[in-house]
Amino acid sequence: MTDVTGAPTGVLHTLFHSDQGGHEQVVLCQDRDSGLKAVIAIHSTALGPALGGTRFYPYATEEEAVADALNLARGMSYKNALAGLDHGGGKAVIIGDPERDKTEDLLLAYGRMVASLGGRYVTACDVGTYVADMDVVARTCRWTTGRSPENGGAGDSSVLTAFGVYQGMRASAQHLWGDPTLRGRRVGISGVGKVGHHLVQHLRDEGAEVVVTDVREEAVRRVLDRHPEGVTAVADTEALIRVAGLDVYAPCALGGALDDDTVPALTAKVVCGAANNQLAHPGVEKDLADRGILYAPDYVVNAGGVIQVADELHGFDFDRCRAKAARIFDTTLAIFARAKEDGIPPAAAADRIAEQRMHEAATGGGR
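Criteria and cut-off values
Residues numbered from 1 in each chain as written. Predicted model: local features only at pLDDT ≥ 70, side-chain atom pairs only at ≥ 80, totals over all residues. Heavy atoms only, no water. Phe/Tyr/Trp six-rings, centres within 6.5 Å; stacked < 30°, edge-to-face > 60°. Helix = DSSP H or I, 4+ residues; strand = E, 2+ residues; numbered from the N terminus. Buried < 20%, exposed > 50% of the residue type's maximum accessible area, 1.4 Å probe, protein only. Lys NZ or Arg CZ within 6 Å of the ring centre and 35° of its normal. Salt bridge = Lys/Arg side-chain N within 4 Å of Asp/Glu carboxyl O. Pairing = 2+ DSSP bridges.

**A look at the packing of aromatic side chains**
Here the structure, examined in full by the defined rule, presents 3 aromatic pairs. Residues Tyr78 and Tyr299 carry aromatic rings whose centres are separated by 5.8 Å and whose planes lie at 70 degrees to one another, so their mutual orientation is edge-to-face. Of this pair, Tyr78 sits in helix H2 (residues 62–82) while Tyr299 sits in helix H12 (residues 298–301); the two residues are 221 residues apart in sequence, bridging distant segments of the chain. By the burial criterion, Tyr78 is buried, and Tyr299 matches it. Ring centres 6.4 Å apart and planes at 70 degrees place the aromatic pair Phe316 and Phe318 in the edge-to-face group. Among the residues examined, Phe316 registers a relative accessible area of 29% and is labelled partly exposed. A cation over a ring is seen here: Lys194 above Tyr130, with NZ or CZ 4.6 Å from the ring centre. We note Arg322 situated over the ring of Phe163; from NZ or CZ to the ring centre the distance is 4.0 Å.

So, in structure tokens, the structure goes:
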């Protein structure tokens, strides 16, 4: 069913009426010559220009693409607020198969679309886009981060994303077991791509046992070749979440990893991973809490990458960024403490803290 514009009414309801809405602006972009079809969603600019990556993905429908952009943009508002950044939340999705449809002309056209917003949205890498892509986008858009050092950028943000997730795991261990070390713990990682394989390195350096899986056999092989000891692989995520003696489960692929089927099957006592939007629907956070599983909110622990790209706008300094990402440990502990104090799941506590900062910025209450 569509409205008079031809847009699916479900999308418009999400935008204007649901709890997942509240977005300031949503832009539908098309360039027929290059084949570009994209959605840019700006959730909030209360704290500053919206900042978030560009996802290139073969969505089944346009409605699915819009819904993903809306959810991801909203998540970026909360992530940036809790990371202490002076940025609001935004996200873009390009509809298509990046292996087949990505071209220089398409990326240049996309850059022109972002530039037309005049700095209200600052873009970066996400699933399906890479540093080399941002170098191309930057040729037509000054509001582009995640570029290569050769082109004035900071390079791959997955390094600090993994470091931040690792800090979130340490905070979870401190809260649950009274000690931040992960030595001797068994950690399962679903998705060992751009972020996941760096996370494996942090965990192995500390002496954790790691179990991995990925839909791409070559990604698993790379990790096993690099870590011949202390790392094993299982066939898929369904097997991973059921591994006996698992202490921590780290979803590091696409969203929706925690749903009505996976939560009852989890053997881990902690969920802390890099994937965005891990909770498949509202209420999953309570299901985790009811099972005694500690959930480190994804948009808190995976903020290392956005900390890096935000710093790129002001003259990138890796040590400064790493120090900021290290504070994810303290932020995660503060969220667990707030959750205990208010008697709510950590995801709800994180939302309250982020919403308070955005509200204060919008009303001048934090000045």
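Next comes the rest of the account.
**Concerning the pattern of salt bridges**
Going through the model one piece at a time under the given rule, you end up with 19 salt bridges. One salt bridge connects Glu104 with Arg139, and the closest N-O pair in it is separated by 3.5 Å. One end of the pair, Glu104, is in helix H4 (residues 104–115); the other, Arg139, is in the loop between helix H5 (131–137) and helix H6 (158–177), with 35 residues separating them in the sequence. Classification of Arg139 by relative accessible area gives exposed; the value is 52%. Between Lys286 and Asp290 there is a salt bridge, and its shortest N-O distance comes to 2.9 Å. Taken together, the residues span about one helical turn, with Lys286 and Asp290 both in helix H11 (residues 284–290) at a distance of 4 residues. Here Lys286 falls in the partly exposed class, since its relative accessible area comes to 47%.

**Section: unusual backbone geometry**
Although it is not a glycine, Asn277 adopts a positive phi angle of roughly 50 degrees. Tracing the chain through its elements places Asn277 in the loop between strand E11 (270–271) and H11.

**Points about the pairing of strand E5 (residues 88–95)**
Taking burial as the measure, the 8 residues of E5 include 7 buried ones, the bulk of the element. The sheet contact formed by strand E2 (residues 36–44) and E5 spans 6 bridges and is antiparallel. Bridging from a neighbouring strand, Ile42 pairs with Gly90 of E5. With 2 bridges joining them, strand E3 (residues 50–51) and E5 adopt parallel strand pairing. Directly across from Ala50, in E5, lies its bridge partner Gly88. Looking at chain direction, strand E4 (residues 54–57) and E5 are connected through 4 bridges and run parallel. From the neighbouring strand, Phe56 faces E5, where its bridge partner is Ile94.

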